[in-house]
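Here is what each chain is made of, one letter per residue.
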Amino acid sequence: MRIPLLNELPQGPYYGVLAEFATPADLLHACARVRDEGFTRWDAHTPFPVHGIDGAMGLRRSPLPWIVLVAGLTGAAGGFGLQWWVHASAYPLVISGKPYLSWPAFIPITFELGVLFAAFGAVIGMLALNRLPMHNHPLFHSRVFERVTDDAFFISIESWDPRFDPSATEKLLESLGARSVELLES
Amino acid sequence: MTSEHDHVVSLRSEEATIPPGHSWNRIPVIGSACALLGVVGCAILGPANPKQFFFSWLMSYLFFLSLALGGLFFTLFMYACQGGWGIVVRRVCETVFATIPVMATLFVPVLFGLHYLYPWSVPGAAEQDALLRWKAPFLNVPFFLIRAAIYYICWSFIALFYYRLSRGQDSTGDFAVSARLRKFAGPCIIVLALTSTFAAIDWIVSLTPHWYSTMFGVYFFAGSFIGFIALLSVVVPAMRGAGLLDTVISAEHLHDLGKFLFAFTAFWAYIGFSQFFLIWYANLPEESFWFKARLEGSWEIVSLLLMAGHFGIPFFYLMGRAVKRRGWTLAIGGTWLLVMHFVDIYWQVMPTLHPEGVRPSVLDIATFLAVGGCFVAAAGWLMRRQALVPLRDPRLAESLMFENA
Amino acid sequence: MAQTEAELLDNPVEGNPTLILRSPDFHAITEVVAETVERPTPIGWWIFFIPSVILLGLLGVAVSWLFWEGIGIWGLNIPVGWAWDITNFVFWVGIGHAGTLISAILFLFRQKWRTSINRSAEAMTIFAVMCAMLFPGIHVGRVWVIYWVFPVPNQMGVWPNFRSPLLWDVFAVSVYGTVSVLFWYVGLIPDLATMRDRAKTRVRQAVYGFFALGWRGSVRNWNHYESAYLVLAALATPLVLSVHSVVSMDFAVSLLPGWHTTIFPPYFVAGAIFSGFAMVVTLMVICRTAFRLEHIITLRHFDYMAKIMLVTGSMVGYAYATEFFTSWYSGNPYEFFTFMNRALGPYAWAYWIMITCNVISPQVFWFKKARTNIPYLFVASIIVNIGMWFERFVIIVTSLHRDFLPSAWGYFSPTIWDISCLLGSFGLFFTMFCLFVRFLPMVATSEVKTVLPQANPHAGEGAERQVGDYRRATVPTHRKPAPGSAY
């Protein structure tokens, strides 16, 4: 499911609907209902990761570990390759009687570079998958949304969604036990 | 807090024992049959080649002993760390290490072969060798025997203490038992660490009495631990496959076993590589000869096999999430690592006997059957007469409902 | 309070111990942690900050004089070519390891109690690594060509020696510093968002907001975030083991008796964790009182930390015993002499300080009373760190000052500049830590919230899974993971 790029925000008069919930349990049940209703362009927002919410939203597992694996292997191969080239090709020197391609001695740096590249892969991959940094987002215009990083839980459904209807979607979220529901302008 | 711990979840004991008529009831018989076969084989082939017999016996013996010691370490760690997930598998661990008294009797043949196995035990050896003279206060037969006795007394005491108290809790459900076992876990780990280190030095390192390595105790521990986790990774899915505990042990527990297997594969490789690497790098003849013997001729192939097979392949195999959560894929990993652990012990012990190269012998198989048969028979017999899960452990409920986040 | 807290500990049945006391709600957690940053600077902070800055100044002076005049201002001589410089390096790198262990390894072991201390511990790691990197950097002599350690193509066509442990150090410690910063920063993002949303001034909102990257708590984001966090934890674990192993290899790959011994890698790692936890205890005792966080950093946390210190201290003791035995067993007269010399020679005073501080003093941690006694913990943690500094000193200097050839024997004494560099490094460390505590939330609020009972969406449902009725149905056998559930 595509997340819109920065310049692909909803075009209509509304961004979407934002509903606030009191507890993680409320949010979880509401998410399951929203998922079952067939919405696709929506998201939940929490101050901390809630156990089981990925399932309630129908999210798939992140592909990040694969990115990290590839990055790590690249780093390790690069590190080993660099040492090989330096010690067996570019400027071979006999050091402490060891062969030019003394692979045990190459392992520490190979490992370290593998980890370094993997870590960068994880962080950059995570930021890329999350489309961060995204300092400007329509949700920040809502006053109640300030509490998302404190103690409030939200569901936002974007107007992009084919099932979105300003009044019907608002009513649905109210019926799911939302503490407040807000229609956000674009 | 939640009311979980107001009640003690009680499993009915029929759900957690081997039902009568189940195929697993025959394990002791199968084990005994293998043991008998092995003993007969040893009796026939042993006298012709006593040195080979004793080396093979030592090797097979160390393999199974290391599994039992690994089990003891694992259980003690679980108590000390108050880990909740492992309680459902703890009884299996206890069954494995409760065989230690049996293993003690299986050590006796080694004592008959001391002169074949250990150069320092040959009378008059110290006269020609300055190093053996230096080490004589430690490497002499009486002290060796006393130390062996100490090891077995300590191990048997700890093993039986933990086994009996845990089994006793099945009927009483007494919280104080858990507290007591946890309290003593720390000191027991220290005793176990020191005794197993010196046992490894006595029984493996002194095969080549000129060699030494401060890491060896840790290396032996690493191998034992991963051998045991591998054993669990085979036995637990096998039990589930046989219809035992399949409602108790879930994919979550298998996942955790798999994670341990993965982590300790890497740990073993780290320890093994560190030991090799430091000796390789400094290249001092007084230490490096031990590795040199294992890098010549066909032993080099075994070394490469260990690197790739004990680390490389399992590391990538066990990385994936799905592999660890399915019984048969985990069991494949466990079986492979058990085989690799055997190769590890073989690689440690045998080059002393066969420096010219790998020389498999029928006695290897015969002794493996003899020792292994006894080990399996003992464990199987214990399994039959008790619950397969600590029925009334206060934290059993938590373990049953355990979920990987 | 302490009475009931201590009673809560060590209940063998308690699978889910109460980690946060006084039952705060989410907002209360946010408030108490954010308050440490938002309120006006307390006097106590200045009391720590000013002396730290003075010591930092001392460091600046000492290092400048070192660059100007040369390594000769230190007490180094032949045969003791390494002394306080490398001791300090290993000391600081070791301290850093506890932060990564708390963040990464305890995360992998699902130890929820880590959430109260992991942010501070990770920050401590970064600052400790900064202090550590200082020493190899300044001890080279010709600092103006320090860039030669990096594999940069140059006009001489020469490359660094990748087979040397000194170069592995460069890579290991740099990677460790980088990954620690990445891990710490990733963990900070949600909390920076919290600070941004609470900011009262434009400047604060802009700065926190910039670094918060626009985080809005989106669950889709949390999904990838959690995956990244797990991956970073899984990477940091072998990394931390490898870094101190590589540091130990500085010594272990040599030929010197007392240095060349195979157990060094895990022994050094255990020692590092030991000293690192001691430093965390020292810092947390001060911070929890100063910032009124006693209900978040509780006696239980100290109990666990003390237990880890006991475990790693025992590993260190095991290594001492093994080394000592093997020094005799090896039959190598130089090896045996080195160990005898350590205990009975000119540096015996250092050796016995080490043994007392590292082996004897942690033994009290077998007793719960000692583990939960804050004043004792504070003193003990400092004693442990003193002992661990002496351990590195003993290892390095005793093996160097009397090696193979008696005519090359010597003695090392520190000069005022050795001492200044060490004290100055503490200045650097505490200055950075004071700044951290002043401007960034020192507790990982979003993580602490996850361990509160209210955070569990199934909180009310546990009661159904009860006696005898735990039910096959609720303990599925081959349960497929819920689609999308992170690890």
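Structure: above.
Because the structure is a prediction, the values reported are computed rather than measured.

Undergrad: Where do I start with the overall build of chain A in this structure?
TA: Per the secondary structure count, chain A includes 5 helices and 4 strands. Each helix and strand of chain A, ordered N terminal to C terminal, gives the series β-α-β-α-α-α-β-α-β. Whereas a compact globule of 186 residues would reach a radius of gyration of roughly 16 Å, chain A reaches 24 Å, over 25% beyond that. When its C-alpha atoms are laid out on the principal axes, chain A stretches across 80 × 35 × 30 Å. Split into buried and exposed, the 186 residues of chain A put 49% on the buried side. Contacts spanning at least 24 positions in sequence make up 77% of the contacts within chain A whose residues lie at least 6 apart. Of the roughly 8400 Å² of accessible surface on chain A, a fraction of 61% belongs to carbon and sulfur atoms. Taking the average place of the 13 positive charges on the side chains of chain A and the average place of its 18 negative ones, the gap between the two points comes to 8 Å.

Undergrad: Help me understand the overall build of chain C in this model?
TA: In terms of regular secondary structure, chain C is built from 16 helices and 0 strands. Computed over its C-alpha atoms, the radius of gyration of chain C comes to 24 Å, within 12% of the 23 Å expected for a compact globule of 487 residues. Overall, chain C is about 80 × 55 × 50 Å in size when its C-alpha atoms are taken along their principal axes. Within chain C, buried positions represent 62% of all 487 residues. Carbon and sulfur atoms make up 71% of the accessible area of chain C, which amounts to about 17600 Å² in all.

Undergrad: I'm lost on helix α9 (residues 141-172) of chain B in this one. Help?
TA: Counting along an α-helix, one turn takes 3.6 residues, and residues three or four places apart therefore face a common direction. All names here are of chain B. In a regular helix each residue adds 1.5 Å, so 32 residues correspond to 46 Å; α9 covers 46 Å between its end C-alpha atoms and thus fits that length. The N-terminus of α9 is capped by N140, whose side-chain oxygen sits 2.9 Å from the backbone nitrogen of F143. Of the residues trailing α9, G173 is marked for its positive phi of about 65°.

Undergrad: In this structure, what is going on with the interface of chain A and chain C? I would like to understand it.
TA: Interfaces are often sized by the amount of accessible area the parts lose when they come together. Facing the 72 residues of chain A at the interface are 63 residues of chain C. Here chain A packs against chain C, burying approximately 5900 Å² in sum over the two surfaces, 69% of which is carbon and sulfur. At the boundary of chain A with chain C, the tally comes to 1 salt bridge. Elements that contribute at least two residues to the side of chain A that touches chain C include exactly α1 (24-37), β2 (42-45), α2 (53-57), α3 (64-90) and α4 (103-129) of chain A. It is α4 of chain A that contributes the most residues to the side of chain A that touches chain C, 17 residues altogether.

Undergrad: Quick question: what am I supposed to make of the sheet that holds β2 of chain A here?
TA: Sheet strands pair by backbone hydrogen bonding; their relative direction is either parallel or antiparallel. All names here are of chain A. Strands sit in the order β2-β3-β1-β4 across an open sheet of 4 strands; the sheet is antiparallel. Strands at the two margins of the open sheet, each flanked by one partner only, are β2 and β4 (180-185). Strand-to-strand twist of the sheet, defined as the mean angle between neighbouring strand axes without regard to direction, takes the value 20°. Summarising the sheet, strand β1 (residues 14-21) and β4 pair through 6 bridges and their orientation is antiparallel. Residue pairing in the sheet places Y14 in a bridge with E185 of β4. The sheet strands contacting α1 are β1, β2 and β3 (153-158), and the helix crosses β3 at an angle near 20°. Contacting β1, β3 and β4, helix α5 (residues 166-175) crosses the sheet at an angle of about 10° to β1.

Undergrad: Got a minute to help me understand the environment of M388 of chain C in this structure?
TA: Residue and element names in this part refer to chain C. With respect to the helices, strands and loops of the structure, M388 is situated in helix α14 (residues 374-401). By relative accessible area, M388 is classed as buried at 0%. Spatially, the C-alpha atom of M388 lies 10 Å from that of F268, the residues being 120 residues apart in sequence. Residues within four places of M388 in sequence aside, it is in contact with G271, F274, S275 and N358.

Undergrad: Looking at this structure, I do not really get the interface of chain B and chain A. What am I missing?
TA: Counting residues at the interface gives 11 residues for chain B, matched by 10 residues for chain A. Interface area for chain B against chain A, summed over the two sides, is near 930 Å², with a carbon-plus-sulfur share of 78%. At the junction of chain B and chain A, the tally comes to 0 salt bridges. Counting every contact that joins chain B to chain A gives 2 residue pairs in polar contact (both at pLDDT 80 or more). With 5 residues, the top contributor of residues to the side of chain B that touches chain A is helix α12 (residues 251-282) of chain B. A class-by-class count of the residues in the side of chain B that touches chain A yields 8 nonpolar, 1 polar and 2 charged.

Undergrad: Whenever I open this one, the pattern of salt bridges confuses me. Can you help?
TA: Oppositely charged side chains are able to pair whenever their charged atoms sit close together. The full count for this structure, using the stated rule, is 24 salt bridges over all chains. Of the charged contacts, one joins D256 of chain B and R110 of chain C as a salt bridge, the two residues approaching to 2.6 Å between their closest N and O atoms. In this pair, D256 of chain B is assigned in helix α12 and R110 of chain C in the loop between α4 (84-108) and α5 (118-138), connecting two distinct chains. D303 of chain C is paired through a salt bridge with R371 of chain C; the nearest N and O atoms lie 2.5 Å apart. Here the residue D303 of chain C occupies a position in helix α10 (residues 299-329), and R371 of chain C occupies one in helix α13 (residues 368-371), the gap between them amounting to 68 residues. No difference in accessibility class separates D303 of chain C from R371 of chain C, as the two residues are buried.

Undergrad: Looking at this structure, I do not really get the side chain of R196 of chain C. What am I missing?
TA: Of note, R196 of chain C is situated in helix α6 (residues 165-198). Engagement of the side chain of R196 of chain C in a polar contact is seen with the backbone oxygen of W215 of chain C, the distance being 2.8 Å.

Undergrad: Looking at this model, I keep getting lost on the packing of aromatic side chains. Mind explaining?
TA: How two aromatic rings sit relative to each other is given by the distance of their centres and the angle of their planes. This model, assessed by the stated rule, comprises 125 aromatic pairs over all chains. Judged by centre distance (6.4 Å) and plane angle (75°), the rings of F221 of chain B and F267 of chain B are edge-to-face. In this pair, F221 of chain B sits in helix α11 (residues 216-241) while F267 of chain B sits in helix α12, placing the two residues 46 residues apart along the sequence. Between the aromatic rings of Y281 of chain B and W168 of chain C, the centroid separation amounts to 5.9 Å while the plane-to-plane angle is 80°, which identifies the pairing as edge-to-face.

Undergrad: How do you make sense of the packing of α9 of chain B against helix α10 (residues 175-203) of chain B when you look at a structure like this?
TA: For any two helices packed against each other, one specifies the crossing angle of their axes together with the interaxial distance. Residues and elements named next belong to chain B. Where α9 contacts α10, the axes come no closer than 10 Å and their chain directions differ by 155°. With respect to their mutual orientation, α9 and α10 come out roughly antiparallel. Every pair of crossing elements has a handedness; the one defined by α9 and α10 is left-handed.

The rules behind each value
Residues numbered from 1 in each chain as written. Chains lettered and ligands numbered in written order. Predicted model: local features only at pLDDT ≥ 70, side-chain atom pairs only at ≥ 80, totals over all residues. Heavy atoms only, no water. Helix = DSSP H or I, 4+ residues; strand = E, 2+ residues; numbered from the N terminus. Rg over C-alpha atoms; globule rule 2.2 N^0.38 Å. Buried < 20%, exposed > 50% of the residue type's maximum accessible area, 1.4 Å probe, protein only. Contact = heavy atoms within 4.5 Å. Areas by Shrake-Rupley, 256 points an atom, 1.4 Å probe, with all protein chains shown as cover. Lys, Arg positive; Asp, Glu negative; His and termini not counted. Charge placed at Lys NZ, Arg CZ, Asp CG, Glu CD. Expected span 1.5 Å × (residues − 1). Polar contact = N/O pair within 3.5 Å; in protein donor to acceptor, adjacent residues only side chain to side chain. Buried area = accessible area lost by both parts, 1.4 Å probe. Salt bridge = Lys/Arg side-chain N within 4 Å of Asp/Glu carboxyl O. Pairing = 2+ DSSP bridges. Axes fitted to C-alpha atoms, helices over the stretch in contact; angles between N-to-C directions. Nonpolar A, V, L, I, M, F, W, Y, C, P; charged D, E, K, R; others polar. Phe/Tyr/Trp six-rings, centres within 6.5 Å; stacked < 30°, edge-to-face > 60°. Parallel < 35°, antiparallel > 145°, perpendicular 65-115°, else oblique. Left-handed = near helix turned anticlockwise from the far one by under 90°.

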